[in-house]
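Residue-level structural notes
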Amino acid sequence: MDVEAAFGSGHTWPAPSGSLTDTGLVEFGWWDGQVTYFGAQTHRLRFLRGNAGRALVSRYGRFRKRLLLRDLDLAVRARGFQLEPRGSVNDGYAEYWQPSTGMGVIAATDPEVASPGTVLKMLGPTWRTPGIW
């Protein structure tokens, strides 16, 4: 797999519905040897270290403790787009997507997961396989 070749196999492990490759900020979901989604772990932005962390902070400034769905929704609407709710396959989470781009968002709804409304993942356009995110 190209992802494992780039990041090393130490970042991949079995998951209930396939496998995951977690490189810190970016996560890839696998099913039958194919990537079913990739996404940024937005809740990890403020913890980035090393070259990647320095590069992102120098370009965008320090990251806040958490990104709230309402703030992201306002920013997306200000640019002429809209997030639409999408049914979630996982309890404690809400899923949204932007139809024209196919990008997805997963936010917490259960306070045991994270503060409700906290954006946990921003997903690329190839992200919807039942039972996996």
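Now for a look at the structure at hand. These numbers were taken from a predicted model, which means no experiment stands behind them.

1. Side note on the overall build of the chain
Helix and strand counts for the chain come out as three helices and eight strands. In the chain, buried positions account for 33% of the 133 residues. Taking the contacts inside the chain whose residues are at least 6 apart along the sequence as the reference set, 36% of them involve residues at least 24 apart. Looking at the chain as shown, the accessible area adds up to about 8100 Å², and 54% of this sits on carbon and sulfur atoms.

2. Things to note about the nonpolar core
Grouped together as the largest cluster of nonpolar side chains are seven residues: L69, L72, V76, L83, V105, A107 and V119. Going through the elements one at a time, α3 (69-78) and β7 (103-108) are the ones with two or more residues in this core. Take this core: its biggest share by element is three residues, from α3. Beyond its immediate stretch of four places on either side in the chain, L69 contacts L83, Y96, V105, A107, G117 and V119.

The rules behind the values
Residues numbered from 1 in each chain as written. Predicted model: local features only at pLDDT ≥ 70, side-chain atom pairs only at ≥ 80, totals over all residues. Heavy atoms only, no water. Helix = DSSP H or I, 4+ residues; strand = E, 2+ residues; numbered from the N terminus. Buried < 20%, exposed > 50% of the residue type's maximum accessible area, 1.4 Å probe, protein only. Contact = heavy atoms within 4.5 Å. Areas by Shrake-Rupley, 256 points an atom, 1.4 Å probe, with all protein chains shown as cover. Core = buried A, V, L, I, M, F, W, Y, C linked by side-chain atoms within 4.5 Å.

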